[in-house]
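# Reading the structure
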Amino acid sequence: MPDWEFKFWNEFNYDFSKFEFTYKKYMQQDWGYVTDELRHNVVNQYGVFYLDTDMIIKKDLTPFLENKMVWGFMYDNSVLTSFFGSEPNSEFLKGILDYYAGRREGVYSDLYKTTNNPIVTKIFELEYSETFRNDGKYHLLEKGSEIYPRDYFCYPSHNKKANYMEHLFDNSWNHSKGNRGVYGAIKYALRKLCPVMYAIERYQHQKKYYGSLLSGGVPSIILLLC
């Protein structure tokens, strides 16, 4: 995609004091949360695709440019937030920012308990109660707005229709603690040699974690494309 513009967002081109939650996390150097509101704010303002810096683009994303909004699943019970795209002035993205600011009820008390994936998943359940199902499958949320299975934007698979992107889960915001030592070496080798097997193993492990959060009613540096 050589004709696409890539933009890196950080403290030199974004005001992190714009949102209360973001500013608190920025001052605490809690980097895993600092971009929670930024990503939705910038995508909503400019109409772009958002990517974490540990995302690999494997196929041309042009087919999704006609969408009003595009999302993917990370697990069967959790929405992916390391990649999504939207037209500007999205009512749904505005709504996410309202939830983070406490102007809408449903998730504010859980913001400091978990990463943003369960939070955004819960917001999907609240805002698209008729069309969204937390089951990891494709859903048409509304005309022009879609959410895709996890092998489209997160995990590799043998599905030739999918595999547009892959999330490496580098965990850099947590100083890559989950990728160190023997466990980290095994993860790296498995991902390189058997990517689909790695995806299945990681998926099963993390699904249990997110399932425990979601069962309690609780519903991750940045690169943007336009």
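Everything numeric in this text was worked out from a predicted model, so none of it was measured.

### Here's the deal with the overall build of the chain
For the chain, the count of helices and strands is eight helices and 10 strands. The buried share among the 226 residues of the chain stands at 50%. Summing over all exposed atoms, the chain offers an accessible surface of approximately 11200 Å²; the carbon and sulfur share of this is 53%.

### Focus: the packing of aromatic side chains
The full count for this structure, using the stated rule, is 31 aromatic pairs. With a centroid separation of 6.1 Å and 90 degrees between ring planes, the pair formed by Trp71 and Phe92 is classed as edge-to-face. Taken together, the positions of Trp71 in strand S4 (residues 69–75) and Phe92 in helix H4 (residues 91–101) put the pair 21 residues apart, joining distant regions of the chain. Given a relative accessible area of 0%, Trp71 falls into the buried group. Considering the side-chain rings of Phe92 and Tyr128, the 5.2 Å spacing of their centres and the 45 degrees angle between planes classify their relative orientation as tilted. Of the two residues, Phe92 sits in helix H4 while Tyr128 sits in the loop between helix H5 (116–127) and strand S7 (139–142), which places them 36 residues apart along the sequence. Each of the two residues, Phe92 as well as Tyr128, counts as buried. An aromatic cluster of three or more residues is present, and its members are Trp4, Phe49, Phe64, Phe83, Tyr138, Tyr148, Tyr152, Phe153 and Tyr164. One residue, Lys7, lies across the ring of Tyr46, its end atom 5.9 Å from the ring centre. Across the ring face of Tyr164, the terminal group of Lys59 is positioned such that the distance to the ring centre comes to 4.3 Å.

### What about the environment of Glu125?
Inspection of the secondary structure puts Glu125 in helix H5. With relative accessibility at 31%, the residue Glu125 sits in the partly exposed group. Here Glu125 is in contact with Phe132 and Asn134, once residues within four sequence places are set aside.

### What to know about helix H3 (residues 36–46)
A large share of H3 lies buried, amounting to nine of its 11 residues. Of the positions making up H3, those classed as buried are Asp36, Glu37, Leu38, Arg39, His40, Asn41, Val42, Val43 and Asn44.

### Some thoughts on the side chain of His40
Topologically, His40 is positioned in helix H3. When its relative accessible area of 0% is taken as the criterion, His40 is described as buried. Among residues more than four places away in sequence, those in contact with His40 are Trp71, Phe84, Leu93, Ile96, Leu97 and Val120.

What counts and how
- Residues numbered from 1 in each chain as written.
- Predicted model: local features only at pLDDT ≥ 70, side-chain atom pairs only at ≥ 80, totals over all residues.
- Heavy atoms only, no water.
- Helix = DSSP H or I, 4+ residues; strand = E, 2+ residues; numbered from the N terminus.
- Buried < 20%, exposed > 50% of the residue type's maximum accessible area, 1.4 Å probe, protein only.
- Areas by Shrake-Rupley, 256 points an atom, 1.4 Å probe, with all protein chains shown as cover.
- Phe/Tyr/Trp six-rings, centres within 6.5 Å; stacked < 30°, edge-to-face > 60°.
- Lys NZ or Arg CZ within 6 Å of the ring centre and 35° of its normal.
- Contact = heavy atoms within 4.5 Å.

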